Structures are given as structure tokens and as C-alpha cells.
Amino acid sequence: MGSSKQLKLLVSITCFSVLLVGCGKSKQSSDKQIIRTSIDSELTSVDLSKTTALNSFTVLNNVDEGLLRLGKNSKIEPGIAQSYKESKDGKTYTFNLRKNAKWSNGDPVTAQDFVYSWRRTLNPKTSSQYGYLFSGIKNADKIQANKAPVSSLGIKADGKYKLTVTLEDKLPFFKLLMGFPVFFPQDAKAVQKYGSQYGTSSDKQVYNGPFTLTKWTGTNLSWTLKKNPYYWDKKNVKLNQVKYSVVKDPTTGLNLYNEKKLDMDGLSNDQAKQYSKNKHIVTRNQSSSYYIAFNQKKKVFQNLKIRQAISMAIDRKVMTNKVVGGGAIQNDSFVSKGLAVSPKTGKDFTEDTTAPASMTYNLSAAKKLFKEGLKQEGLKSLSFTLMAGDDYSTKQLTEYLQSALEKLPGLKVSLNNIPARVVLSRQADQQFQATVADWFADYSDPVTFLNILTSKNPSNISKWKNAAYDQLIAKSNGQDADKPEARWNDMVSAQNLALKDQAIVPLYQSGEKWLINPKVKGIIYNTAGPNYNYKNAYIK
């Protein structure tokens, strides 16, 4: 997901930080069970068919619920489905839904709500950037290609509380997908009632999860998650509210923490060093990749040597340790470290792949490559604008990149730091020359990253194309889906190919350093998918 899954997940946004605030004393009365949380970017949408932003998916993960939930370490737990059965060949799943699950408007949550939601997301008219995640479900690819009706999708409601899903091939990560918001249900009555305004503010949506969203107008910088009285498992939800506010300046956040107005504060690089011995400091790793995407519809960025030179001019060690900060990890890969291990050797995916020379800092070689690339394009110089978010950490990153890249003779880089919601929109519409983008894993499998570089994927904002790459990903998702070692090799080969051809310029893998008040308990944090689950959180 970028903020791009955004950022997306992330989309697209850029760096995602959540700051939690506890208030009150140790007793757990409802008026004391409030967490105040800060975030460094705006909420863009709560239409699960259309959003791509990581912070939107985190909100959706707490105000809505799918067939299954993801618990600690992404463990599969019951959600709206109280039980399910998998066929012997792994191609058919039958879900038995709870009869006491309701929407916040009082409507029952039924099997038809899942059918409606999946069809709406996959319908080409919806223009969802996440429709590709349905690949492998019967007829999903044909529907996206306008070669089959939406009604032919392999999902069927057998009465109000029984749902059958039919796959074309066994999907190793299918159950993980069921805990991702794109696969959550939607109330057709609400979608039709609000029309084009659906999901654009908290009152233009209904909810079936532990909380409801309130006090979000669509443009303001604060919103609240409130305990949902209609939630089927409300007796196990201890929090009364989770209050969000956008805080883009880390100094402001730290001051609020020191003033005991925040219980959880994400730290900048300098702050993390300053507080390194503090007993409250915690590191949160993220399954993410931050990268530069060049608009390869523009001829100059189709030049491989120019893309390689730019990659080679970046000192990732300096960038990770001294610029980005927090718990950032140097990673010469697009797929994040710690996401998946080989079914044969147990080695991390990034250890099995091979980084090309262009991923290693070498300024003299970069200058030579850049000069050769310019000559091939008939140019003596190159100017472009680097678009990115306007939060503090992203501004620091882009200033470093500008300084590093302008060491290439003849290159001029201008910066355009703008709000995250505008970045996402312009990335989706190809309204950029170069942009800092990010991708956060939707589930714990390398293909969650690799999928987005296929030529027809809506989240492939660079528009890089490679037929051999597409074939490898298709094999991993198709004929090799039930052959773990062969599938692994497909994905390894695909990443090696994308890195060698500099499809994008990977920068780093994000992580965060936090100061956390020990009174905040029970938050589930997963590195892949929507990071935060507040269902069982509480203030001690």
C-alpha cells in the first residue's frame, strides 16, 4: 500500500507517523479510556474502493472489519466470519458470517455487502488502484480488462450469512488479504445515498468495526475514532475514543510529549539520538520502500544511464543514518527486509536477490554515466522538479537528494513539497517529472511490492514496462502459485530484473523511533498491512 499504497499506501504519502496520547489515571472508566494520537499527514478518503493512503487504511482497519482480522504478528483471527472452510485444492473458501454484525446505521452486515463491495472495487468504472489485488479470484483479471461482466466475479452470497469465494489458482496469501481493508464489505444503501460524496467526510460513510469515524470534514486536520455501539464484539473494546491530529513538525510533537499532552511521540533522527537512552524509547520497523519514480513517459527518463547515474549519486548510508532518521534501514532492494524468507533455505528475500552496481554510491562513475546519458539524448544539461510531501522528514530528505544529485555536472533539481493528498493525486495522474514515492506492504509476501511494477498496474506511477518482468510475476501468481520454491525463484528473478533496469530508484526502508508512555497498552502493531489495530488497546 502506498501513500503512492499509498503513499500507498502507502500509497503514496511519504513518511507515516502515529502519536498516541493517553489521558487520565489508571482506572479504566470510559471517560478515561481516550488515546490522543498525532499523524504527520492528512486523511485523504475513507472510501475503501478508492483510497491508496496508508493512514486511510489504518483508519479503515479500525472503523471497519472484514471476513477475517489480523492479530499480533499478522495472525489470522475471526472477523465478520465466525468460521470458514477451505477446499482440499485450496480454490474454494466458504465463510459463515455472524448474524449479530451490524452497520453503524443499524443495518445488518450480510454476505451481499461483501459481494457488492468487491464488485464495486473491481468495476473498471470505479477506477480503483487496488483492483489488481483481486487477481487470482475467478474472472477478476477479465473484469478489470473489460472482458467479463462484474457479476461473473468468483464471489457468491448463499443467503444472508454464507459467502463462497472461488479462486482460479491457489493463493498462498489469500487469508491475509481478507484482513486488508480493500476486501472489507460496503453498505450499498450508504454508497447510493451519498453518491460522489461517499467517503469524503466522516458523516458520508457508515461503519461496522470497533470504532466509528467522527469530526472529519474531509479537509480538517483532526478526527476522532469513537467506540461503535453496534459492533458485534463491543464488550471487548476498552477504548472510548482515539483522537487524531496532524502534527508535521517533530519539535511540536516532542514538546507535546514532554508536556504530557502526548503519550506516544514519533521522533526525528536528531531527537532519536538525543533520547537514545530514554527508557520509553521503542523502535517500530516497517515493511516499506521509499523510492524515486521518474515519469518514463518523458523521453529523457527512458534513458537507462541517466536513471542509473542518479541512483549511483545517492549515498544511501549517509541518507539513512544522518538524514532520514528514526529507525530507517539501508536497503538496496525494492522489497523490504524482514518481510519473507525462502521456503527452501530460510534466507531473507533481500539476501537471495542481487543489487546492481547502480545501487552503490560511486560519484565518479555516476558522473561518467550521466554524461553518456545526456550525450545519447542530445543534451548538455538536464533540469527537473522533484515532487514530494511537505512534512518535516520528507523536506529533509528532498533537500539531501537535491544536494546529492546536483553534484552531477549539468543537473539542476528543483523541489516541490506539497500536501500528501495532492502528491497522491498528481502521482496517480502522472502530473510529475520525478517524485518521492513509497510503498507499504499490504501483506507478508514479496509480491505485494513486485506487483506494482507490472506494466498495467495502476500504482506503477513511473510507467516502466518490461515484458519479461510481467511474465515472471504472472507465473508467480499463476502456474507457480502452489509451488513454493518455483514461485520464490520467479520473484527473485523479477526483482533482480527491475533493479538492473532501474525501474525505480530505491532509497531506504522506513522505521520509527518512539517515546511511549507505558500506560498505553494493548496496541497491535504489524509491519505489513494496516499497521495499527486499536481494538484491544487501553490506558492502564
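Data block above holds the structure.
All values reported here derive from a predicted model rather than from experimental measurement.

**Q** Before we move on, can you summarise the packing of helix H15 (residues 467-477) against helix H16 (residues 484-500) with the specific residues and values?
**A** A pair of packed helices is captured by two measures, namely the crossing angle of their axes and the spacing between those axes. Two elements in contact, H15 and H16, have axes separated by 8 Å at closest approach and are oriented at 160°. Overall, the two elements H15 and H16 adopt an arrangement that is roughly antiparallel. Handedness of the H15/H16 crossing: left-handed. Facing Ala-468, Tyr-469, Leu-472, Ile-473, Lys-475, Ser-476 and Asn-477 of H15, the residues of H16 in contact are Arg-487, Asp-490, Met-491, Ser-493, Ala-494, Gln-495, Leu-497 and Ala-498. Classifying every residue of the contact of H15 with H16 gives eight nonpolar, four polar and three charged.

**Q** I'd like a rundown of the packing of helix H8 (residues 304-312) against helix H11 (residues 363-376), residues and numbers included.
**A** Packing of H8 against H11 brings their axes to within 8 Å, and their N-to-C directions diverge by 155°. With respect to their mutual orientation, H8 and H11 come out roughly antiparallel. Of the two possible hands of crossing, H8 and H11 adopt the one that is left-handed. In this structure, H8 uses Lys-305, Ile-306, Gln-308, Ala-309 and Met-312 to contact H11, whose residues at the interface are Leu-363, Ala-365, Ala-366, Leu-369, Phe-370, Glu-372, Gly-373, Leu-374 and Gln-376.

**Q** Explain the side chain of Glu-65 to me, using residue names and the numbers behind them.
**A** Within the secondary structure, Glu-65 sits in the loop between helix H1 (54-63) and strand E6 (68-70). On the basis of relative accessibility, which here comes to 1%, the residue Glu-65 falls in the buried class. Here Tyr-231 takes part through its side chain, which lies 2.6 Å from a polar atom of the side chain of Glu-65. Beyond its immediate stretch of four places on either side in the chain, Glu-65 contacts Gly-79, Ile-80, Phe-184, Pro-185, Asn-208, Gly-209, Tyr-231 and Trp-232.

**Q** Account for the pairing of strand E8 (residues 81-86), naming residues and giving values.
**A** Where E8 lies against strand E9 (residues 92-97), five bridges are found, and the strand directions are antiparallel. Across the sheet, Lys-85 pairs through a bridge with Thr-94, a residue of E9. In this structure, the hairpin formed by E8 and E9 is closed by a connection of five residues, where Gly-90 is found at a positive phi of approximately 75°.

**Q** Tell me what's going on with the pairing of strand E13 (residues 222-227), and back it up with residues and numbers.
**A** Relative to E13, strand E12 (residues 211-214) runs antiparallel, the two being bridged by four bridges. Considered in E13, the bridge of Thr-212 is made with Lys-226. Of the strand pairs in this sheet, E13 and strand E14 (residues 241-246) are connected by five bridges, and their pairing is antiparallel. Residue Trp-223 lies in a different strand from E14, and its bridge partner there is Tyr-244.

Cut-offs used in this document
- Residues numbered from 1 in each chain as written.
- Predicted model: local features only at pLDDT ≥ 70, side-chain atom pairs only at ≥ 80, totals over all residues.
- Heavy atoms only, no water.
- Axes fitted to C-alpha atoms, helices over the stretch in contact; angles between N-to-C directions.
- Helix = DSSP H or I, 4+ residues; strand = E, 2+ residues; numbered from the N terminus.
- Parallel < 35°, antiparallel > 145°, perpendicular 65-115°, else oblique.
- Left-handed = near helix turned anticlockwise from the far one by under 90°.
- Contact = heavy atoms within 4.5 Å.
- Nonpolar A, V, L, I, M, F, W, Y, C, P; charged D, E, K, R; others polar.
- Buried < 20%, exposed > 50% of the residue type's maximum accessible area, 1.4 Å probe, protein only.
- Polar contact = N/O pair within 3.5 Å; in protein donor to acceptor, adjacent residues only side chain to side chain.
- Pairing = 2+ DSSP bridges.

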